[in-house]
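Spelled out, the chains give:
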Amino acid sequence: MMKMIDRYLYAVSKRLPPSQREDISEELRGLIEDMLDSKVGDREATEQDVEEVLVALGSPSELAAKYGGVKESLIGPRLYYTYISVIKVVLFSILLAMGVVFAIEIIMDPVSILEHFIDFITNTITVAVQALLWVTVCFVIADYNGWNPRSLTKGTHYKWSPKDLPIIPDPKKQIKRSESIIGIIFSILFLIFVTFSNHLIGMFFFENDDLVGVAPFLDQDVIGQYLPIIYLIVAVGVLKECLKLIIGKWTKNLAIFNLLINGVILALIFILLKDNLIWNPHFMQDLTQLSDVEPGTEIYSTIEKIWDNSRLGLVVVFLIGVLIDTVISFYKALRKDASFR
Amino acid sequence: MSEDVNKLVDKLMHELRRGTITIGVLSQLSEPQYGYSLVTMLNEKGVQVEPGTLYPLLRRLEKQGLLSSKWDTNESRPRKYYYLNHLGRMVYDELCVEWRKIVSSLDFIIEEDRGN
C-alpha cells in the first residue's frame, strides 16, 4: 500500500529537476497521507483507497507538468535530466582535457603561447560541437525507441491508473550514476590526449623541478592510422555508459548488450595492439637522452624489462577488466529482486 | 442544449477560476498554513481548488518571492508551512485593489446590458 505511494512519488520526481525532487516528494507524501486520512476517517486505509486518492491527484506526468517539469519535446521528460547531466559531464571533461593539454604545451614551449592558445580555443569548440551533436543524436534515438521504463506520458485523454506506475528499481540493481559519469570523463580525457597531444602520453622527466621532456609511449608516425580504431573504442565505451545512465538499473537485456559491447571493445583493442606497431620503438633511446640513465646499467635493464612487459600487461589488464565488468553485470541483472511485500 | 451550456460554462469557469485562486491563496496566508489545510479552508469558503493545482501554485508563488516557507517536523508527519512575506503582503493588497476595479467595471457592464 505504501509501496504504491512510493511508486507514485518516484514517477513524479523523475520528471522534476533533481534539485527539487526531495522537497516536493516529501511535501506530496504529506498531502497524500492527509488526503487518505480525510477519506477513510478512523477506518484502516485499503489499497483501493490509496488508488482513489492517487487518481484524484492526477497522473504523475500531469502533476509534474504543473510543477513546471519538462514538457514533451525532442528529448522527452523521461530522459531530459539524464541528457542534461551527460551534456554537462561531456563538456566539462572536454574543457578539462583541453585545458590540461594547453597547460602542458605552454610549459614545454612557452614561446608559442599564442599559437597554443588559438589551438586550444578552436579545438575545444570543434570537439564540443561534435560531442554535443553525437550525444544529442544518441538520446533522440534512445527516447524515440523508448529505451526506458514504461512511459506514462500519453496525454490527458489517456485514462490513467495507479497500476501503471513504474516499479522503483531495486537499489542493489541500480547503476551508480557517478560510475558512468567517471567512465565518460576518462574516455573523453583519453580521446583528447590521443588526438591532440599523443606526444604527451609518456614518461615525464624533470630536472630541478623543471619539465625537460617527455619520452612518449606511442609512435607518433603510426598513431594517426590507428586513430579511427581508438575513436571507435571510445565511442562504443561512451555509448555503453550512456545506456547505463538511461536505463539506470541492471536488466537482462542491458547485461547482454554490455556483453556485446565489451566483445566489440576487446576485438578493437586486439586489432589495435596485435602487431605492436603503435608503441614508440625508440622509447629506450628517448629515455637515455632525457635522463642520466645509461645503457648497460642495472636501472636501464629494469626499465627496459618493465617497458617490454607492460605492453603484454596492458592487454591482460584490459582483458581482466572487461571480464569482471561483464560478469558483474550479469550477476546484478540475474539476481532475484529483493522481496517487497 | 442545456448540457452544452453547462459544458461551456464549466470550461469558461475553469479558466476564470484559475486566475482568482492566487488571490484566494494569498488572502489565507497571513498565518502559516500547509497545503492541505489551505485546500480545506478555501473549499469551506467556496473557493474550489484541487490539491494537484494548489501545491505547484504554492511553490511557484514561493519562487516568485511572495511566500516564504518552513518545514515543521515536530508533528506526526512533516509538513511544509507557507506564509505571506513583506513582498507578498504588498502584492496582495495591490491585487485586492485591482480585483475591486474589475468587479465594479464588470458590474457596471452587466447592469448596463440589463438596462437595455
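Residues numbered from 1 in each chain as written. Chains lettered and ligands numbered in written order. Predicted model: local features only at pLDDT ≥ 70, side-chain atom pairs only at ≥ 80, totals over all residues. Heavy atoms only, no water.

- The name recorded for chain B in an unreviewed UniProt entry is DNA-binding transcriptional regulator, PadR family, from Tenuibacillus multivorans.

1. Description of the domain arrangement of chain A
All names here are of chain A.
Now for step 1: Segmentation of chain A into domains returns domain 1 (1-69) and domain 2 (78-334).
Now for step 2: Relative placement of domain 1 and domain 2: their C-alpha centres are 41 Å apart.
Now for step 3: The interface of domain 1 with domain 2 comprises 20 residues on the first partner and 14 residues on the second.
Now for step 4: With both chains or domains summed, domain 1 and domain 2 bury close to 1,600 Å², and 68% of this area falls on carbon and sulfur atoms.
Now for step 5: On inspection of domain 1 and its partner domain 2, the count reaches 1 salt bridge.
Now for step 6: Looking at the side of domain 1 that touches domain 2, the elements that each hand over two or more residues are α1 (2-13), α2 (18-40), α3 (47-57) and α4 (60-66).
Now for step 7: Sort the elements by how many residues they give to the side of domain 1 that touches domain 2 and α1 lands first, with 6 residues. (Domains from an automatic or database assignment. Contact = heavy atoms within 4.5 Å. Buried area = accessible area lost by both parts, 1.4 Å probe. Salt bridge = Lys/Arg side-chain N within 4 Å of Asp/Glu carboxyl O. Helix = DSSP H or I, 4+ residues; strand = E, 2+ residues; numbered from the N terminus.)

2. Quick notes on the confidence of the model for chain A
Now for step 1: Per-residue confidence for chain A gives a mean pLDDT of 82, with 92% of residues at or over 70.
Now for step 2: Low pLDDT, under 50, characterises residues 148-157 of chain A; the predicted model gives this stretch 21 contacts beyond four residues in sequence or across chains. (pLDDT = per-residue confidence, 0-100.)

3. Describing the environment of Leu277 of chain A
All names here are of chain A.
Now for step 1: When you line up the elements, Leu277 lands in the loop between α9 (252-273) and α10 (283-290).
Now for step 2: When the C-alpha positions of Leu277 and Ile75 are compared, they lie 43 Å apart, and in sequence the two are 202 residues distant.
Now for step 3: What Leu277 contacts, discounting residues up to four positions off in sequence, is Asp219, Val222 and Tyr226.

4. Observations regarding the packing of α2 of chain A against helix α3 (residues 51-63) of chain B
Now for step 1: Packing of α2 of chain A against α3 of chain B brings their axes to within 12 Å, and their N-to-C directions diverge by 145°. Here the hand of the crossing between α2 of chain A and α3 of chain B comes out right-handed. Listed contacts from α3 of chain B to Asp23, Ile24, Glu27, Leu28, Leu31 and Met35 of chain A of α2 of chain A are Pro51, Tyr55 and Arg59 of chain B.
Now for step 2: Here the residues of the contact of α2 of chain A with α3 of chain B are counted per class, giving 6 nonpolar, no polar and 3 charged. (Axes fitted to C-alpha atoms, helices over the stretch in contact; angles between N-to-C directions. Left-handed = near helix turned anticlockwise from the far one by under 90°. Nonpolar A, V, L, I, M, F, W, Y, C, P; charged D, E, K, R; others polar.)

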